[in-house]
Amino acid sequence: MINILISKYNVLIILLFIATGCIHTSQEPYAIEKTATAPSAMVVTAHPLATKIGVQILEAGGNAVDAAIAVQFALAVVYPVAGNIGGGGFMLIRQSNGEAMALDYREKAPVAASRDMYLDSAGQIIDGLSTLGHRSNGVPGTVDGMITAHERYGSMAFRDLVEPSIALARNGILLTSNEAEELNLARSALVSVNQSAAPFVQSEAWQTDDLLVQSDLAHTLERIANACRDGFYRGETARLLIEDQQSGGGIITQQDLDDYHAVWRNPLRGWFRDHEVLSMPPPSSGGIALMQLLEGIEDQPLDSTDVLSVSTIHRMAEIMRRVYADRAAYLGDPDHVEVPVDHLLDSLYIRSRMQTIRTDSVTPSGQVQEGNWDMHESDQTTHFSIVDKQGMAVSVTTTLNLEFGSKVIVQGAGFIMNNEMDDFSAKPGVPNSFGLIGSTANAIAPGKRMLSSMTPTMVVDHGQTRLVVGSPGGSKIITTVFQIIFHSMELGIPLTDAVALPRMHHQWRPDTLFVEADRFHPDTLMRLRALGHHVIERSPIGRVDAIWIEANGDRTGAADPRGDDHAAGY
Ligand code: DON
């Protein structure tokens, strides 16, 4: 039965992607593989060249962390829409002996930041200030993150991990059609905030196969390869960054760069039936919300016949709206506010929250509030997954926040700065770019990390890493990762099919059930509306790059058909 269902989905999915033009076509410069199986190692990233570099590092004897560092730098060159050295991210690492660590290289608010910095004198949000231009920049964490990861786990020389990206920046890369389109869409914003928008803007519109050469970025990467931390946070790169801040009205200073340090954190650990789930703790909301979603769906066993059924979608949406109400109220940077992690993950608490779910109607979001207890009681980002031959697994989600971040290109240094400040709650109750609202827990404060939804995750079966997974998508990251785990672990759908399945999302506010356009049966949508859901069809949700490790050790990579994502191994 499962096989019949899966093959039916395969045909459907392939037809849909052909219809929407999402499948690789012959004029593209790279051969893109959406799935690959290999006995030793696997890399899945958003770009074929980044995947290739990751595999080369592994073949040269590097471990999964070495490969992840090389991929992070490579994505900064080949995937500038989200790959970065001017942003931040989270890296989840699990070794084959079961030891796991989470590295937080999330950006921080500059020292000169203040709670109301995006409000006018009447207390209203100033449109665009937290998303476009220098004021929206958080202090970048990526380079410190890579050096911190290397110090603890790296086995190859740091320079060797940066070198391949220097060559790509210097020699240029051929643009895919998606990349050409993204650059063309960002053109006017890039021009509006930069003295020079080179090399990302040229006189003509970009075409597929055009060569993008990034000489300034090559020099910056050279300085990082030579001087590690000081190649970015001090010296020439820092000078260019600070100068650019000053001329563009930004507030990042040398002190901010000196103060920036990535932080090792203990991964969040939970259970979904008998599978152990490892994910990112605060300042990501991802781990906590994912564990709540999984606990919420656990009470009724479901099988593959339930996939995408009206009752399953309804139940998932109702769980999601309750989980996101908690997210808005309680989550923020644990180094600045107390996050009640234990309580939020208490299974009795989560189950009591789900008791109000009805099968025959929706609970309007206005009637759903965050949970209560006695307090004294006790949308561009990119994800990649790597598994090496020793079984070390790395799951990384990294971002500039929105596509090309703040659109600020550090003049003379050639890299793009994030607009991560928009992930703070600039004003309680007012939605950010992802429609997320927040409370004082996620208010702006100097040196504080903004709340994230990035959810690099692993599922472990009887001590063996089984699934390495994550996604971009802003607020939709968490529900995307949830659907992959639910569909693959609970409903038994093979990972490649689970990644391609249509996705839905609910985040409490707005009180809307988002579904990917043209991917759900009209009858399903009609019945969800009849239950009371406000259903809106939208552009693709998430882009999952994941790896499944079989019991015999084979690694299967699944690259999302929604982009240029590419899986390869050896
Ligand atoms: O950290 C976060 O939650 C967001 N800055 C992520 C942004 C994102 O995923 C945009 N991508 N599609």
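Structural notes, computed from the coordinates. The structure displayed is predicted, hence computed values, not measured ones.

Turning next to a nonpolar patch on the surface. A surface patch of nonpolar side chains, about 210 Å² in accessible area, is lined by Leu174, Leu211 and Val213. Residue position: Val213 is located in the loop between β6 (211-212) and α7 (215-227). Owing to a relative accessible area of 31%, Val213 belongs among the partly exposed residues under this scheme.

This part takes up the sheet that holds strand β7 (residues 263-265). Strand order in this open sheet of 7 strands is β7-β4-β3-β11-β10-β2-β19, and the pairing throughout is antiparallel. Each having just a single partner strand, β7 and β19 (566-569) make up the two edges of the open sheet. For this sheet, the mean angle separating the axes of adjacent strands, direction not counted, is 15 degrees. For strand β3 (residues 88-94) and strand β4 (residues 100-105), the ladder comprises 6 bridges, and the chain directions are antiparallel. The residue of β4 that forms the bridge with Met91 is Leu103. Sitting on the sheet, helix α2 (residues 48-59) is in contact with β2 (42-45), β10 (381-387) and β19, with an inclination near 155 degrees to β2. Packing of helix α4 (residues 142-153) onto the sheet brings it into contact with β3, β4, β7 and β11 (393-399), and relative to β4 it is tilted by some 155 degrees.

Geometry of an aromatic ring pair is reported as the spacing of the ring centres plus the angle between the planes. Taken as a whole and assessed by the stated rule, the structure comprises 6 aromatic pairs. Relative to Phe158, the ring of Phe73 lies with its centre 6.0 Å away and its plane at 80 degrees, an arrangement referred to as edge-to-face. With Phe73 in helix α3 (residues 64-78) and Phe158 in helix α5 (residues 158-171), the pair connects residues that are 85 residues apart, well separated along the chain. The class of Phe73 is buried, set by a relative accessible area of 0%. A relative accessible area of 7% places Phe158 in the buried class.

This part takes up the sheet that holds strand β14 (residues 504-505). Judged by pairing direction, the sheet is mixed, and its 3 strands sit side by side in the order β14-β15-β16 without closing on themselves. Two strands close off the open sheet at either side, each with one partner strand: β14 and β16 (535-538). Relative to β16, strand β15 (residues 513-516) is paired through 4 bridges, and the arrangement is parallel. From the neighbouring strand, Glu516 faces β16, where its bridge partner is Arg538. Lying over the sheet, helix α17 (residues 522-531) contacts β15 and β16, oriented at roughly 145 degrees with respect to β16.

Reading the values: the criteria
Residues numbered from 1 in each chain as written. Predicted model: local features only at pLDDT ≥ 70, side-chain atom pairs only at ≥ 80, totals over all residues. Heavy atoms only, no water. Patch = residues over 30% accessible without salt bridge, like charges linked within 9 Å, V, L, I, M, F, W, Y side chains within 5 Å. Areas by Shrake-Rupley, 256 points an atom, 1.4 Å probe, with all protein chains shown as cover. Salt bridge = Lys/Arg side-chain N within 4 Å of Asp/Glu carboxyl O. Helix = DSSP H or I, 4+ residues; strand = E, 2+ residues; numbered from the N terminus. Buried < 20%, exposed > 50% of the residue type's maximum accessible area, 1.4 Å probe, protein only. Pairing = 2+ DSSP bridges. Axes fitted to C-alpha atoms, helices over the stretch in contact; angles between N-to-C directions. Contact = heavy atoms within 4.5 Å. Phe/Tyr/Trp six-rings, centres within 6.5 Å; stacked < 30°, edge-to-face > 60°.

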